[in-house]
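# Residue-level structural notes
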Amino acid sequence: MVITEHQVLQWMGRFVWPFMRVTGLVMSAPLLGSRYIPVHIRVLTAAMLGLVLASALTNLPPMPSDPWSVMVLSAMNMLYGATLGFIMWVAVSAITVSGEMMGLSMGLGFARLSSPSNGTEMPVVSEMMLWTGLMAYLAAAGPVWMIAALYHSFITHPLAQIATGNGQAIARAGADMFVYGLWLALPVVIAGIAVNAVLGVVTAMAPSLNIFSVGFPLLYLVGLWLMLSTSGDIQTVFMHAYRHATGLISHLVNTHG
């Protein structure tokens, strides 16, 4: 039995293209793309998912013999997978943005922790909301849905062509996610403004009052009370953001370039 060059390139293409696209997804998807997961675990996950997709997909294009074409197509597949993961990460970030706004309104902007998820310092409230969003993402079977979308993308876009005009849709989705986070944080933001306004009036009327001993505890208590009162809205806001993200990913996957 003689194995031709075309057969070798066909076999390599069946694994390389899924592996590249899964690698892009793993780099940017929620939880998998964070620093909580070691790099070697992410690489092994991408390799295992690539093997699973290679066994399920049979009509993948062969690997070209030109090295330049191989690099271009590999980069396109990684970008395609990273785009899908980034859209879902933006949905989770809608909850994180609300935590950032709440922390600033409560006067907790100075309370920061080094976040292992992205290697930067984040406010404590924002870190709490980030974990809430990640848990909601797992509860909604987000990773399973992302793998299913990735599998379907090979059927519609075997060469990872991204349709023109989808960049604007992704940018609009980011703006919508910011609005979702603002609506979730709005009660705490309004309460923070009201408390600061009242304290400003009280300070003007009673200059001897120590504003620091009264203002900060009052802001903390009001902010924590409103956070607990509106905690049930987190599910509603996340589901809106999640449906928006999944709808955009479905549009991106099903739109032919």
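### Quick look at unusual backbone geometry
Phi is mostly negative for residues that are not glycine, and the peptide bonds are mostly trans. Its identity is not glycine, yet Leu-31 carries a phi of approximately 70°, on the positive side. Its place among the elements puts Leu-31 in the loop between helix H1 (5-28) and helix H2 (39-56). In this structure, Ala-141 takes a positive phi of about 60° despite not being glycine. Structurally, Ala-141 is set in the loop between helix H4 (124-139) and helix H5 (142-156).

### Considerations on the packing of helix H3 (residues 67-105) against H5
Relative to each other, H3 and H5 sit at 145°, their axes nearing to 11 Å. You can see that H3 and H5 cross each other, and the crossing is right-handed. Contacts from Asn-77, Tyr-80, Leu-84, Gly-85 and Met-88 of H3 reach H5 at Met-146, Leu-150, Ser-153 and Phe-154. Here the residues of the contact of H3 with H5 are counted per class, giving six nonpolar, three polar and no charged.

### Some points on the packing of aromatic side chains
The final tally for this structure, using the stated rule, is two aromatic pairs. An angle of 20° between the planes, with centres 5.6 Å apart, marks the rings of Phe-15 and Phe-19 as stacked. Taken together, the positions of Phe-15 and Phe-19, both in helix H1 and four residues apart, correspond to about one turn of that helix. A residue is classified by how much of its surface remains accessible, and Phe-15, at 29% relative accessible area, is partly exposed. On the numbers, 5.7 Å between centres and 25° between planes, the contact of Phe-238 with Tyr-242 is stacked. Residue Phe-238 and its partner Tyr-242 are both found in helix H8 (residues 233-254); the two are separated by four residues, about one turn of the helix. Over the ring of Tyr-80 we find Arg-21; its NZ or CZ atom is 4.7 Å from the centre of that ring. A cation over a ring is seen here: Arg-21 above Phe-154, with NZ or CZ 3.9 Å from the ring centre.

How each quantity is defined
Residues numbered from 1 in each chain as written. Predicted model: local features only at pLDDT ≥ 70, side-chain atom pairs only at ≥ 80, totals over all residues. Heavy atoms only, no water. Helix = DSSP H or I, 4+ residues; strand = E, 2+ residues; numbered from the N terminus. Axes fitted to C-alpha atoms, helices over the stretch in contact; angles between N-to-C directions. Left-handed = near helix turned anticlockwise from the far one by under 90°. Contact = heavy atoms within 4.5 Å. Nonpolar A, V, L, I, M, F, W, Y, C, P; charged D, E, K, R; others polar. Phe/Tyr/Trp six-rings, centres within 6.5 Å; stacked < 30°, edge-to-face > 60°. Buried < 20%, exposed > 50% of the residue type's maximum accessible area, 1.4 Å probe, protein only. Lys NZ or Arg CZ within 6 Å of the ring centre and 35° of its normal.

Honestly, that's just the spatial picture; any functional story needs more than this.
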